[in-house]
Amino acid sequence: YTTLTVGNKSYLIRGLERSTTIPEELVRELIANKGTLDCHSHPFIGDLMPSESDKIFLEMLTWQKESVIIDPTQDAVKYTSHGVIERYDIKTMHGHGYYDFVFEDGDLDA
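Caption draft 1: Geometry of the pattern of salt bridges. Using the criterion set out here, one finds four salt bridges in the structure. Across the pair Glu-66 and Lys-78 runs a salt bridge whose closest N-O atoms are separated by 3.6 Å. Within this pair, whereas Glu-66 is found in the loop between helix 2 (52-60) and strand 4 (67-70), its partner Lys-78 is found in strand 5 (residues 75-80), the two being separated by twelve residues in sequence. You can call Glu-66 partly exposed: its relative accessible area is 35%.

As structure tokens, then:
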């Protein structure tokens, strides 16, 4: 799955086992309106390294510096176009601004 935000709309896109294709029209809208790649999941436990395509896509969004990858066990990483910058367990974040962190502004003090 991938979540994107464009303006005041959020999009949840379901992918296949090894990839998620974002519709071309949505990519154009994302770029034109400086939307964000909020987070996406990887289907295998422990697979938290951003792929080359993950890093390239994020680098294309020049106004966005980082995003999040989540695995099936709710382990997660924050990454940039250069790689992982932080690893954490999102299960321990519930009730502590978790949804704001993942889907809004990345501020755990919310």
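Caption draft 2: Expanded view of the sheet that holds strand 2 (residues 9-13). Judged by pairing direction, the sheet is mixed, and its six strands sit side by side in the order 2-1-3-4-5-6 without closing on themselves. Pairing within the sheet leaves two strands with one partner each, and these edge strands are strand 2 and strand 6 (83-89). Averaged over all adjacent pairs, the angle separating strand axes in this sheet is 20°, with direction ignored. Pairing of strand 4 with strand 5 involves four bridges; the strand directions are antiparallel. Following the sheet pairing, Ile-70 is matched in strand 5 by Ala-76. Where helix 1 (residues 24-32) meets the sheet, its contacts fall on strand 1 (2-6), strand 2 and strand 3 (36-41), and the angle it forms with strand 1 comes to roughly 50°. Each of strand 3, strand 4, strand 5 and strand 6 touches helix 2; the most contacted strand, strand 5, lies at about 50° to it.

Caption draft 3: The nonpolar core, seen in detail. Within the largest apolar cluster, 15 residues are counted, with the highest numbers of intra-cluster contacts made by Leu-4, Ile-22, Leu-26, Leu-30, Leu-37 and Phe-57. Counting only elements with at least two residues in this core, the list comes to strand 1, helix 1, helix 2 and strand 5. The leading source of residues in this core is helix 1, at three residues. Dropping the residues within four chain positions of it, Phe-57 is found in contact with Ile-22, Val-27, Leu-30 and Leu-37. Formed by six residues, the second largest nonpolar core is a distinct cluster that contains Cys-39, Val-68, Ile-70 and Ile-90.

What counts and how
- Residues numbered from 1 in each chain as written.
- Predicted model: local features only at pLDDT ≥ 70, side-chain atom pairs only at ≥ 80, totals over all residues.
- Heavy atoms only, no water.
- Salt bridge = Lys/Arg side-chain N within 4 Å of Asp/Glu carboxyl O.
- Helix = DSSP H or I, 4+ residues; strand = E, 2+ residues; numbered from the N terminus.
- Buried < 20%, exposed > 50% of the residue type's maximum accessible area, 1.4 Å probe, protein only.
- Pairing = 2+ DSSP bridges.
- Axes fitted to C-alpha atoms, helices over the stretch in contact; angles between N-to-C directions.
- Contact = heavy atoms within 4.5 Å.
- Core = buried A, V, L, I, M, F, W, Y, C linked by side-chain atoms within 4.5 Å.

Function cannot be read off these values alone, since they describe shape.
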